[in-house]
Amino acid sequence: MINATKKWIFLKVSSAILIPLMIWFIINLVSIYEKDYIDIVSFFSTQPSKFLTSLLMIVAFFYSSLSISEIFEDYIHDKKIKKMANKVLYILSIIIPLITIMVLFNLNI
Amino acid sequence: MENKNPISPHIQIYSWNISSLISISHRITGVINILALILICLWIALLLLGEVNYEYIKFFLQSFLGKFLILYLTWSFSFQILSEIRHLFWDFGYGFELITSKITGLIVIFGSFVLTILIYLIGKQII
């Protein structure tokens, strides 16, 4: 299997996983965003919320890095800039969800 | 001689139709959604600063701009969800006929507004 095929399969599987996670998260975001600090920390402190938010972050950043690299492929002409842009993208796609997950598992009321 | 041709045809050379509108909107909302997720990660990280410091964020989120931002994000997520479902159907070989593609495109556009209202009502526990 060539790399492009693997990338396409990863993109499609991650998008299928993302759909229910996005629906769950956006409903809860609408529900809590105006609430007090305690309510928001309580929400993120429950095991299902921790697990689902962490999963959302991992899959969303994975999916986005693959999608945005496609946009780079289409619109960035210079190969060096494209390579650098992809490196920055992949590093951020690992660091941002990792920090968020660490924060989630350190939140306590 | 350096080739200055664009790698991919640029959007301005096409005449607009539903498919092209959905296609470019899918990309734009995708980029907006990842920027939104970065902000959400920052929001979660700022919870570590404690209750007193969170008051500033709460003040912003309860303002008109904060509420508009959440409403916009709800639409942007809704659009991406419906457009992605449309793509998944295409991947299984369904919906390529011109008329079907136009109908599903319209469903994505109008459905995103309906889904936004629905998510908002469920989130606010009105329904």
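Located above this text is the structure these notes cover.
Residues numbered from 1 in each chain as written. Chains lettered and ligands numbered in written order. Predicted model: local features only at pLDDT ≥ 70, side-chain atom pairs only at ≥ 80, totals over all residues.

Moving on to the overall build of chain A. For chain A, the helix and strand inventory stands at four helices and zero strands. When the elements of chain A are put in sequence order from the N terminus, they spell out α-α-α-α. Taken over the C-alpha trace, chain A has a radius of gyration of 17 Å; the compact-globule value for 109 residues is 13 Å, which it surpasses by more than 25%. Along the longest, intermediate and shortest principal axes, the C-alpha atoms of chain A span 50 × 25 × 25 Å. Every one of the 109 residues in chain A was classed for burial, and the buried ones make up 19%. The contacts of chain A with a sequence gap of at least 6 include a subset with a gap of at least 24, amounting to 75%. (Helix = DSSP H or I, 4+ residues; strand = E, 2+ residues; numbered from the N terminus. Rg over C-alpha atoms; globule rule 2.2 N^0.38 Å. Buried ≥ 20, exposed ≤ 12 C-beta atoms within 10 Å, placed from the backbone. Contact = placed C-beta atoms within 7 Å.)

Let us look at the packing of helix H3 (residues 64-91) of chain B against helix H4 (residues 98-123) of chain B. Residue and element names in this part refer to chain B. Axis separation between H3 and H4 bottoms out at 8 Å; the angle between their running directions is 140 degrees. When the axis of H3 is compared with that of H4, the two are oblique. Crossing of H3 against H4: the hand is right-handed. Where H3 approaches H4, its residues Thr74, Trp75, Ser78, Phe79, Leu82, Ser83 and Arg86 are matched on the opposing element by Thr104, Val108, Gly111, Ser112, Phe113, Leu115, Thr116, Ile119 and Tyr120. Looking at side-chain class alone, the contact of H3 with H4 contains eight nonpolar, seven polar and one charged residues. (Axes fitted to C-alpha atoms, helices over the stretch in contact; angles between N-to-C directions. Parallel < 35°, antiparallel > 145°, perpendicular 65-115°, else oblique. Left-handed = near helix turned anticlockwise from the far one by under 90°. Nonpolar A, V, L, I, M, F, W, Y, C, P; charged D, E, K, R; others polar.)

Turning to H3(B), a few remarks are in order. For the α-helix, the turn length of 3.6 residues means that residues three or four positions removed from each other point alike. Between its terminal C-alpha atoms H3(B) stretches 40 Å, which fits the 40 Å expected from 28 residues at 1.5 Å a residue. Residues of H3(B) that are buried include every one of Leu73(B), Thr74(B), Ser76(B), Phe77(B), Ser78(B), Phe79(B), Gln80(B), Ile81(B), Leu82(B), Ser83(B), Glu84(B) and Arg86(B), and no others. Of the surrounding elements, those touching the buried residues of H3(B) are helix H1 (3-32) of chain A together with helix H1 (18-46) and H4 of chain B. Looking at the residues trailing H3(B), positive phi occurs at Gly93(B), about 90 degrees. (Expected span 1.5 Å × (residues − 1).)

This part is about the environment of Ser25(B). All names here are of chain B. Topologically, Ser25 is positioned in helix H1. Overall, the presence of 18 C-beta atoms within 10 Å leaves Ser25 in the partly exposed class. As a C-alpha pair, Ser25 and Tyr54 span 29 residues in sequence and 34 Å in three-dimensional space.

What follows deals with the interface of chain A and chain B. Each side of the interface is counted separately: chain A has 32 residues, and chain B has 29 residues. Element by element, the count of residues in the side of chain A that touches chain B is highest for H1(A), at eleven residues. Broken down by class, the residue content of the side of chain A that touches chain B amounts to 22 nonpolar, seven polar and three charged.

Attention shifts here to the nonpolar core. In terms of nonpolar packing, the biggest core is built from 29 residues, with Met22(A), Ile26(A), Ala60(A) and Leu37(B) touching the most fellow members. Every element with two or more residues in this core is listed here: H1 and helix H3 (47-75) of chain A together with H1, H3 and H4 of chain B. If you tally residues by element for this core, the top one is H1(B), at seven residues. (Core = buried A, V, L, I, M, F, W, Y, C linked by C-beta atoms within 7 Å.)

We now examine unusual backbone geometry. Backbone geometry places Gln125(B), a non-glycine residue, at a positive phi of 55 degrees. Here Gln125(B) shows up in the segment after H4.

When the terminal C-alpha atoms of H4(B) are compared, their 36 Å separation across 26 residues agrees well with the 38 Å that a helix rising 1.5 Å per residue should span. Gly111(B) marks the point of greatest bend in H4(B), at about 35 degrees. Of the positions making up H4(B), those classed as buried are Thr104(B), Gly105(B), Val108(B), Ser112(B), Leu115(B), Thr116(B), Ile119(B) and Tyr120(B). On its buried side, H4(B) packs onto H1 of chain A together with H1 and H3 of chain B. Backbone geometry just after H4(B) places Gln125(B) at a positive phi near 55 degrees. (Bend = angle between axes of the 7 residues up to and from the residue.)

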